[in-house]
Amino acid sequence: MSCNLPFFVQNYFKLMDDEPEHFCEDQFKLRENIIIPAFENEELIVYEDRAIKYFGLSKYLGLKLFEWEEFVLGLHLCVYREDGLPRWNTLFVLLGRGNGKDGCISVESMALASHYNPIPRYNVDICANNEDQAMRPVKDLYDAFKGNAKLKRFFKTTKETITGIARNSVITGHTNNAKGKDGLRSGVVIFNEYHAYENMANVNVFTTGLGKVDDPRRSIFTTNGDVVDGPLDTLIKDSEEILDGLVDDGGLLPFICRLDSKEEVHKEVNWYKANPSLKYRPTLLQEIRNEYIDWKKNPAALPAFMTKRMGVRETSSLITVAKWEDIANTNKPIPKLNGCECIVGIDYAKTNDWVAVDTHFKIGDERYDINHAWICRQSDDYPRLKAPIEDWQRDEHLTIVDEHEISPQLVCNYIKEINRQYRIKYIVMDNFRFTLFASYLEDIHFSFANGNIKLIRPSDIMKIYPIINRCFLNGNFHWGDNPCLRWATNNVKLVKAKKSTIALDGENDTGNYLFGKIERHTRKTDPFMALVAAMCFENLLPNVTAINTKRKYISVGVY
């Protein structure tokens, strides 16, 4: 081994050897695919004396660092490459709620701002989605330093900032607001509850100040969360590739604690996989036991138990149209379909809110969907939307309309362009919403007289749901990389239907389903419902088995 394992690594590995049932697969992959190879094959410099001093600061906060905390902080702060740069300059910690991440952040902040860190003006910027999360470590430090004469020799404190006197390093909390952050001169940027970030805009602004000071670092501490396709999902995916040995770690230390599968939740011994502090916190164990009892009675009512406590995202599979894993699996490329026949679905609730159009193709069992949405900036719901709308407009998944409504003419112009590239067999929309679009569609030659308009009713949706469900389960949807459509789909729940009305209580259950919204104002479903409309009449497309790449049109086969 090129470099002996430091004590903080040896201690953690011994714990893994003594209690392997308490550690998830990601932990063993981190050990075998990243840490051991690095110490065996690289010329690493380890400052163990500095680590001891850093860890010793925890006593001033009334804390004793657990093995996992010394492991991640030691590797992140005290292991360097041969060229003198930090070996793992980015730390990613994903674990269950209640395991002490705020305390770990406080110790890291105090250590890097202290005189034990040789780099001057090494500012610590703690960033979070709300003020409480951003300021909590600063408040904890302020409370610990208050009345401690010894610490006052080394730190100057206010309720807003903590300053390490010897190095003039400042610890500051920042809320999730990108404005005014361009002037940061950070040594380290620490993100608390990274799951709450919906796009990279704030993340990037906070980190642009890195590099002005030596040894720049990023630290990311979070539970799992409900923001789909956000920065956390990207980071988890990158980490999984690293842990599987598919790509080089590039300085990222992915410390992930979660169940290996949802089924493991029913054995208490597995809870330790997502909660590395559990053996030292009996109160936390009892709280999780209580929550498990409530969750088991009604999983749909407590999805946060799996997401926050066990690190496995749960969106209540009892009511959602599909599991998130199946929705994410729609991110498959769409081939060139020029000249192919298609069905176009249109959906909207109000033209001063959202309108969506889905262009739907069926080839064998595979479905290909090109989806576009329009959103009215003057909508009452616009400020409440939890989505990176402007990013999606930049990537041409939607269009923001800064008018009092979304004109049907705008939508029909888009459909006219579609018809030049593909062959629209039918346009499909809800029976009650057709009137507003009728004259505009007629102008582009879609009308009842021409036989290329179809209207859907609830009974059509009931019939197509089993097909939609099968497409999700078997991975038959190809949507390209369309986060707007995935986001809308993840807001769709199943609603049991009576013979003629929607039943919320299951009375007169027919076994059929309609679609409803999980969140009514902060998220939308229109892009998915446009797809549903198109699929209701996909049986009218010709039976096609493959795309003929040598000809403009597709080849037709018989099933």
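Let me sum up the structure you'll find in this document.

1. Description of the sheet that holds strand 10 (residues 252–256)
Reading across from one edge, 5-6-7-4-8-9-3-10 is the order of the eight strands in this open sheet, with mixed pairing throughout. One side of each edge strand has no neighbouring strand; the edge strands of this open sheet are strand 5 (155–157) and strand 10. Each neighbouring strand pair of the sheet contributes to a mean axis angle of 15°, computed without reference to strand direction. Examined bridge by bridge, strand 4 (residues 123–127) and strand 7 (residues 169–174) share four bridges and lie parallel to one another. Residue pairing in the sheet places I126 in a bridge with G173 of strand 7. Packed on one face of the sheet, helix 4 (residues 67–78) meets strand 3 (90–94), strand 9 (217–222) and strand 10 and runs near 170° to strand 10. Across the sheet, helix 9 (residues 231–243) touches strand 3, strand 9 and strand 10, and the angle it forms with strand 10 is around 100°.

2. Topic: the pairing of strand 3
Extensive coverage of strand 3 is indicated by the burial of five of its five residues. Neither face of strand 3 is open: one carries T90, F92 and L94, the other L91 and V93, and all of them are buried. Across five bridges, strand 3 lies against strand 9 in parallel orientation. The residue bridging T90 from the neighbouring strand is R218, located in strand 9.

3. Structural notes on the packing of helix 1 (residues 7–18) against helix 2 (residues 25–41)
Between helix 1 and helix 2, whose axes approach to 11 Å, the crossing angle comes to 140°. Considering the angle they form, helix 1 stands oblique to helix 2. Seen along the crossing, helix 1 lies across helix 2 with a hand that is left-handed. Mapping the contact onto sequence places V9, Y12, F13, M16 and D17 in helix 1 and Q27, F28, R31, I35 and I36 in helix 2. In terms of residue class, the contact of helix 1 with helix 2 is built from seven nonpolar, one polar and two charged.

4. A few points about helix 17 (residues 458–474)
The end-to-end C-alpha distance of helix 17 is 25 Å, a good match for the 24 Å that 17 residues give at a rise of 1.5 Å each. Remark: the principal bend of helix 17, roughly 35°, maps to I464, with a proline, P466, within the next four residues.

5. Considerations on the packing of aromatic side chains
Scanning the entire structure with this criterion turns up 34 aromatic pairs. Relative to F255, the ring of F71 has its centre 6.1 Å away and its plane inclined at 50°; by these criteria the two rings are tilted. Taken as a pair, F71 in helix 4 and F255 in strand 10 lie far apart in primary sequence, 184 residues in all. What makes F71 buried here is its relative accessible area of 1%. Residue classification places F255 among the buried residues on the basis of a relative accessible area of 0%. When the ring of F477 is compared with that of W479, the centres are 5.3 Å apart and the planes differ by 45°; the resulting orientation is tilted. The exposure class of F477 is buried, given its relative accessible area of 1%. Taken together, the ring pairs connect Y12, F13, F23, F28, W68, F71 and F255 into an aromatic cluster. The ring of F13 is capped by R31, whose NZ or CZ atom sits 4.5 Å from the centre of that ring. Over the face of the ring belonging to Y47 we find R50, whose NZ or CZ atom lies 4.3 Å from the ring centre.

Definitions and limits used
Residues numbered from 1 in each chain as written. Predicted model: local features only at pLDDT ≥ 70, side-chain atom pairs only at ≥ 80, totals over all residues. Heavy atoms only, no water. Pairing = 2+ DSSP bridges. Helix = DSSP H or I, 4+ residues; strand = E, 2+ residues; numbered from the N terminus. Axes fitted to C-alpha atoms, helices over the stretch in contact; angles between N-to-C directions. Contact = heavy atoms within 4.5 Å. Buried < 20%, exposed > 50% of the residue type's maximum accessible area, 1.4 Å probe, protein only. Parallel < 35°, antiparallel > 145°, perpendicular 65-115°, else oblique. Left-handed = near helix turned anticlockwise from the far one by under 90°. Nonpolar A, V, L, I, M, F, W, Y, C, P; charged D, E, K, R; others polar. Expected span 1.5 Å × (residues − 1). Bend = angle between axes of the 7 residues up to and from the residue. Phe/Tyr/Trp six-rings, centres within 6.5 Å; stacked < 30°, edge-to-face > 60°. Lys NZ or Arg CZ within 6 Å of the ring centre and 35° of its normal.

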